[in-house]
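# What the coordinates show
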Amino acid sequence: MTNEALFTRHSLVEGENRSPSARKSFTPESLIMSSTLITNALIVPMTERGSFNGYLRIENGAIAAVDSGTPPEVLPDEQVIDAAGAVLLPGLVNAHTHLYQVLLRAVWEDLELMPWLRRIYGCARVLRPEHFYAGSLLGCVEALRSGVTIICEHNFLNPSSDCAFETIRAIENSGVRGVFARTIMDRGEIVPDCTKEKPEQAFRQIENLLSQHQNRHRLRFMTGPNTPPINTTPELLRELRRFADDHSLGISAHVAESKSVVQVVQNQHGNNGVVEFLAQFDIPAANSIFAHCVHVSEKEIGILRETGTSVSHNPVSNMMLGDGIAPIVEMLRQGVNVGLGTDGAASNHSQDLFETMKAASLLQKVHHQDAGVIDPFSVLRMATAGGAKALGLESVCGTVEVGKRADLILIDVDTVHNQPVNDIFSQLVHCAKASDVQTVMVNGEILMRDRQLQRIDERQILTDAKLAHRDLMERVSQLSF
Ligand SMILES: [Zn+2]
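The notes below deal with the structure included here. (Residues numbered from 1 in each chain as written. Predicted model: local features only at pLDDT ≥ 70, side-chain atom pairs only at ≥ 80, totals over all residues. Heavy atoms only, no water.)

## What about the environment of Val-338?
To keep things clear, this is the line we draw: Counting from the N terminus, the helices are the DSSP runs of H or I reaching at least four residues and the strands are the DSSP runs of E reaching at least two. Contact definition: two residues touch when any of their heavy atoms are within 4.5 Å.
By the secondary structure assignment, Val-338 is in strand β13 (residues 338-340). For Val-338 and Met-46, which are 292 residues apart along the polypeptide, the C-alpha to C-alpha distance reads 15 Å. When near neighbours in sequence (up to four residues on either side) are disregarded, Val-338 contacts Val-311, His-313, Ile-328, Met-331, Leu-332, Met-382, Gly-386 and Gly-387.

Right, dumping it as structure tokens:
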């Protein structure tokens, strides 16, 4: 697929000829071209196990038509993208990450969860809002370049209120669809005082965030405890459920990530597992997403199913920290909704969801010593529709269907490592690479075209991130853990 073939254009996108510096500015939703037609694509809608060659029309940011064959007409002033040689897929959903941590890739290596967390939390003493902005924007760029259109940012370090604002500003400037989960820590020997909050104080901060980000099309909010019970009191959990309900917020939490967390819940609270512990406070719920769930019992998987709680599976992070293997096959068999996440780059080293899909597939196969225990469609579904449902966005995106927002990606499969195509689901999970993603759009706005970012200046973001990294490392070097 040549660049020219991919973008046969009948007219210019609004603002296409803007200067490089002007590209840094926001594109208002009203300026997004009203109609785009994608032709000759291999469409993988993820509504069922199937694919077809066809076309898709986007009008005002939503999918207006999708069908097999060729379109009956090209509308006046319609932008046409010839996607011959490409797969059209719903944008991938990163259901759990911490974007700023790209500044901390490969800093604290070969550590298990608790000593690693001591450093991650301790870093709050020197993290500044500008680190969150520069790191989060670089993280968004990495995500977009690997086909991610929706990011759930699980925010947990707030030494100042501006840290959350700057992270959100980065997400919004990148154009990606964001779910910002502003979580709370109110206890913990390894949690620095500067980022510990009294519940009431944290709730006021969250209400301030909500009031200052009203009517944002691409932004949703959640709340939650960070890693119960090691950094949250039972009182906080009780009040969090009430606060979340009062504000119609979902809950995001790290749950049963390592055996050490389960030991704390057993020793300090007398519960067998973290999910059982959280159930006392009604934290498991249909609008809750639990990251990890590595060490959960059969009974706890039952609680997840009965309450409709979703799980974010983060296999690369779990392997990197030596946490263990989440019982994903058992969850899927019981009907628990599962999405995929990278987790932060401090425990994954990347934001690449293609890598995560392959790891998720292979890890279950080797764990069960059964090559057929999980199929690639199920893995791809976790990375798309499963993630969208986990974040309460199943009516908005996650599949290619008329009426949903146009959060879509085009993946070039006319490449050496992708050809010949036999089983498209297996090949998207096991052969395709992040670098095969050619085009990324959110809400119909093309954010990356022919691997060139359209809204933001990638070189400038890299430069800024390097400066922020140097400053952060100087500050970190003054710390003792
Ligand atoms: Zn995490």
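## Here's the deal with helix α7 (residues 259-269)
Condition: When a residue's accessible area, from a 1.4 Å probe over protein chains only, is under 20% of the maximum for its type it is buried; when over 50% it is exposed; and in between it is partly exposed. Working definition: the arc comes from the directions between the helix axis and the C-beta atoms, pointing outward to the latter.
Of the positions making up α7, those classed as buried are Val-261, Val-262, Val-264 and Val-265. For α7, the buried positions fall inside an angular range of 155 degrees around the axis, keeping them on one side. Seen from the buried face of α7, the exposed residues on the opposite side, beyond 90 degrees, are Lys-259 and Asn-267. Check the buried side of α7 and you find it contacts α2 (113-122) and α8 (274-279). Following α7 by one or two positions, Gly-270 has its phi on the positive side, about 75 degrees.

## Focus on the layout of surface pockets
Stated precisely, the cut-off is as follows: Definitions used for this entry: grid spacing 1 Å over protein atoms alone; cavity, a set of points where a 1.4 Å probe fits but cannot get out; pocket, an open set with protein on both sides within 12 Å along at least 5 of 7 lines; lining residue, one with an atom within 4 Å of a point. Grid points are joined across faces, edges and corners, and a volume is the space filled by probe spheres set on the points. Lys, Arg, Asp and Glu make up the charged group, whereas Ala, Val, Leu, Ile, Met, Phe, Trp, Tyr, Cys and Pro make up the nonpolar group; the residues left over, Gly among them, are polar.
Roughly 300 Å³ of internal volume is contained in the largest pocket. As for the largest pocket, its lining consists of 21 residues, and the residues nearest its centre are Ala-286, Asn-287, Lys-389, Leu-391 and Gly-392. When contributions to the lining of the largest pocket are tallied by element, the ones reaching two or more residues are β9 (219-225) and α13 (376-390). Examining the composition of the lining of the largest pocket, we find that three residues originate from one element, β9, more than from any other. Grouping the constituent residues of the lining of the largest pocket by class yields eight nonpolar, nine polar and four charged.

## Observations regarding the sheet that holds β13
What counts is decided by this rule: We call two strands paired when DSSP finds no fewer than two bridges between them. Every angle, taken between N-to-C directions, lies between 0 and 180 degrees, and every axis is a line fitted to C-alpha atoms, over only the stretch in contact when it is a helix.
Read from one edge to the other, the open sheet built from eight strands follows the order β6-β7-β8-β9-β10-β11-β12-β13, with strand pairing classed as parallel. Here the strands that pair on one side only, and so sit at the sheet edges, are β6 (92-97) and β13. Each neighbouring strand pair of the sheet contributes to a mean axis angle of 25 degrees, computed without reference to strand direction. Pairing geometry for strand β7 (residues 148-155) and strand β8 (residues 177-184), over six bridges, is parallel. Each bridged residue has a counterpart across the sheet, and for Glu-153 the counterpart in β8 is Phe-180. Contacting β7, β8 and β9, helix α4 (residues 161-174) crosses the sheet at an angle of about 165 degrees to β8. Where α13 meets the sheet, it contacts β6, β11 (288-292), β12 (310-313) and β13, and its direction lies at approximately 110 degrees from that of β13.

## Some words on empty space enclosed by the protein
Applying the stated criterion to the full structure yields one cavity of 30 Å³ or more. Approximately 70 Å³ is the volume attributed to the largest cavity. Surrounding the largest cavity, 13 residues form its lining, His-98, Trp-116, Leu-117, His-254 and Glu-257 being those nearest its centre. No other element matches the four residues that α2 contributes to the lining of the largest cavity. For the lining of the largest cavity, the per-class residue count stands at five nonpolar, six polar and two charged.

## What to know about the packing of α4 against helix α5 (residues 199-212)
Selection rule: Orientation categories follow fixed angle ranges, with anything under 35 degrees roughly parallel, anything over 145 roughly antiparallel, 65 to 115 roughly perpendicular, and all other angles oblique. Here a crossing is taken to be left-handed if its near helix is turned anticlockwise relative to the far helix by less than a right angle, and right-handed if that turn runs clockwise.
Between α4 and α5, whose axes approach to 11 Å, the crossing angle comes to 30 degrees. One finds that α4 runs roughly parallel with respect to α5. Of the two elements, α4 crosses α5, and the hand of that crossing is right-handed. Taken together, the residues of α5 that come into contact with α4 (itself represented by Ser-161, Ala-164, Phe-165 and Ile-168) are Gln-205, Asn-208, Leu-209 and Gln-212. Taken together, the residues of the contact of α4 with α5 break down into four nonpolar, four polar and no charged.

## Considerations on the coordination of the zinc ion
This is how it is decided: Each metal site lists N, O and S donors within 2.8 Å (3.2 Å for Na, K and Ca). With water left out of the atoms, a site can look as if it is missing ligands. Just to be clear on the cut-offs, tetrahedral is four donors with all angles between 85 and 135 degrees, square planar is four donors and octahedral six with opposite donors over 155 degrees apart and all others between 65 and 115, and anything else goes down as irregular.
Protein-derived coordination of the zinc ion comes from His-96 (NE2), His-98 (NE2), His-254 (NE2) and Asp-343 (OD), at a distance range of 2.1 to 2.3 Å. Considering all four donor atoms around the zinc ion, the spread of angles at the metal, 85 to 173 degrees, places the coordination shape in the irregular class. Sequence positions of the donors to the zinc ion reduce to the motif H-x1-H-x155-H-x88-D. Of this pair, His-98 sits in the loop between β6 and α2 while His-254 sits in strand β10 (residues 250-255), and the two are 156 residues apart along the sequence. In this structure His-254 comes out as buried when scored by relative accessible area, which is 6%.

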